[in-house]
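One letter stands for each residue in the lines below.
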Amino acid sequence: MKTYIVGNWKLNFTVGEASIYLHKLLKALPNYRDIEVVVAPSAIALQPLSLQVDRHKMKLAAQNAFYRDYGAFTGETSFSQLRGLADYVIVGHSERRYILKEDDKMIQKKVAAALRNKISPILCIGETESERAFGETADIIRDQLVGGLAEVSDDDLDKVIIAYEPVWAISSTKAAKMASPDEIAEVVRLIQKTLKEIYGVKTAEKVPILFGGSVNSSNAGAYLTVPGINGLLVGGASLILNEFVDIIEIAKRVRS
Ligand code: 13P
């Protein structure tokens, strides 16, 4: 399985800034076959960046899309419109769950719509600080996983990526804390167990599990060596080119 290093740019960069960043990243990036480098710019930048990107070196992801392909849905962008522009899409990010009020039903439809349009969903799941404090982590993880994957067939599961992002570890969370490798490993085991229960061992083992939450070049090595972790979903640090390139280099070293 490849190692995934995904940069989630969130609501940052103008189209021009995104294009300059991509230009520099492509220049700095060797063609690593075993590392899948992905960046997720704002929707407005996807079209120009899709013409600029060298898909042998890296891929693009959308940060979101709507589950219907067309119709009277003012302000939305569909997965069918993103076909050919993005190879991946982030679905169920906590900022969409909690700020934009997306629930598991909506996320489930988005995962299905992504697959229908040949875009691989990166399904984000993770508990809040109070859910963890109340001992609800396992239930939340299981519910978000079962809910998000409800419409995914056995045949399609190998196109899905799971990202574990504890909300309390995301840098934009007030007083964010660092997740420890042991805390992550415990949740990864739960994700693997749940996937195996739904899809069987062989199919479940094909699903990459990423970690996201204040990842930077100082902790990337430790997070990448957590058993069961196949990559990282990087927020703030992915906006700094040198940091992002360092994280990719660390991933390469950890693999070899
Ligand atoms: P930070 O790396 O800024 O904590 O963001 C994590 C995240 O939300 C990535 O999707």
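Residues numbered from 1 in each chain as written. Predicted model: local features only at pLDDT ≥ 70, side-chain atom pairs only at ≥ 80, totals over all residues. Heavy atoms only, no water.

## Re helix H11 (residues 241-255)
This is how the line gets drawn: Secondary structure follows DSSP: runs of H or I at least 4 residues long count as helices, runs of E at least 2 residues long count as strands, and numbering of each begins at the N terminus. One less than the number of residues in a helix, times 1.5 Å, gives the span that helix is expected to have. Partly exposed describes any residue whose relative accessible area lies between the buried limit of under 20% and the exposed limit of over 50%, with all areas from a 1.4 Å probe on protein chains only and scaled to the type maximum. The contact rule is simple, with two residues in contact once any of their heavy atoms fall within 4.5 Å.
Compared with an ideal rise of 1.5 Å per residue, which puts 15 residues at 21 Å, H11 spans 21 Å between its outermost C-alpha atoms and is within 8% of the ideal. Taken as a whole, H11 has its buried residues at Leu241, Phe244, Val245, Ile247, Ile248, Ile250 and Ala251. Elements in contact with the buried residues of H11: strand S1 (3-8), helix H1 (15-28), strand S2 (35-40), helix H10 (220-224) and strand S8 (231-234).

## Considering the site of the ligand
Let me state the cut-off plainly: Throughout, near means a residue has at least one heavy atom within 4 Å of the molecule or strand. Definition of a polar contact: a pair of N or O atoms within 3.5 Å, with one able to donate and the other able to accept a hydrogen when the atoms are protein atoms, and with sequence-neighbouring residues admitted only if both atoms are side-chain atoms. Throughout this entry, Asp, Glu, Lys and Arg are counted as charged residues, while Ala, Val, Leu, Ile, Met, Phe, Trp, Tyr, Cys and Pro are counted as nonpolar. The remaining residues, Gly among them, count as polar.
Taken together, Asn8, Lys10, His93, Glu165, Ile170, Ser171, Gly213, Ser214, Val215, Leu233, Gly235 and Gly236 make up the full set of residues near the ligand. Measuring from an oxygen atom of the ligand, one finds a side-chain N or O atom of histidine 93 at 2.7 Å. For the shell around the ligand, the per-class residue count stands at 3 nonpolar, 7 polar and 2 charged.

## Regarding the sheet that holds strand S5 (residues 120-125)
Put simply, the rule reads: Pairing between strands is defined by DSSP: at least two bridges between the two strands are required. Note on geometry: axes are lines fitted to C-alpha atoms, helical ones only across the stretch in contact, with angles between N-to-C directions running from 0 to 180 degrees.
Judged by pairing direction, the barrel is parallel, and its 8 strands sit side by side in the order S1-S2-S3-S4-S5-S6-S7-S8 before closing back on the first. If you compare each strand with its neighbour and ignore which way they point, the axes differ by 25° on average. As paired strands, S2 and strand S3 (residues 58-62) are joined by 3 bridges and run parallel to one another. In the sheet register, valine 38 faces S3, and the bridge partner there is lysine 59. Strand contacts of helix H7 (residues 137-148): S5 and strand S6 (161-164), with the helix running at about 155° to S5, the strand carrying the most contacts.

## Things to note about the environment of tyrosine 88
Along the chain, tyrosine 88 falls in strand S4 (residues 88-91). Distance from tyrosine 88 to leucine 49, taken between C-alpha atoms, is 14 Å for residues 39 residues apart in sequence. Tyrosine 88 has contacts with Tyr4, Glu36, Val38, Lys59, Leu60, Ala61, Ala62, Ile119, Ser120, Ile122 and Ile161, leaving out every residue within four places of it along the chain.

## Considerations on the pattern of salt bridges
Worth spelling out the cut-off: Salt bridges are defined by distance alone: a side-chain nitrogen of Lys or Arg within 4 Å of a carboxyl oxygen of Asp or Glu.
This structure, assessed with the given rule, holds 17 salt bridges. Ionic pairing is found between arginine 55 and aspartate 87, a salt bridge with its closest N-O pair at 3.5 Å. Taken as a pair, arginine 55 in the loop between helix H2 (43-52) and S3 and aspartate 87 in the loop between helix H3 (79-82) and S4 lie far apart in primary sequence, 32 residues in all. On the accessibility criterion, aspartate 87 (26% relative accessible area) is partly exposed. Glutamate 102 is paired through a salt bridge with arginine 96; the nearest N and O atoms lie 2.6 Å apart.

## Looking at the environment of isoleucine 229
Examined against the element boundaries, isoleucine 229 turns out to sit in the loop between H10 and S8. Along the primary structure isoleucine 229 and tyrosine 70 are separated by 159 residues, whereas in three dimensions their C-alpha atoms are 36 Å apart.

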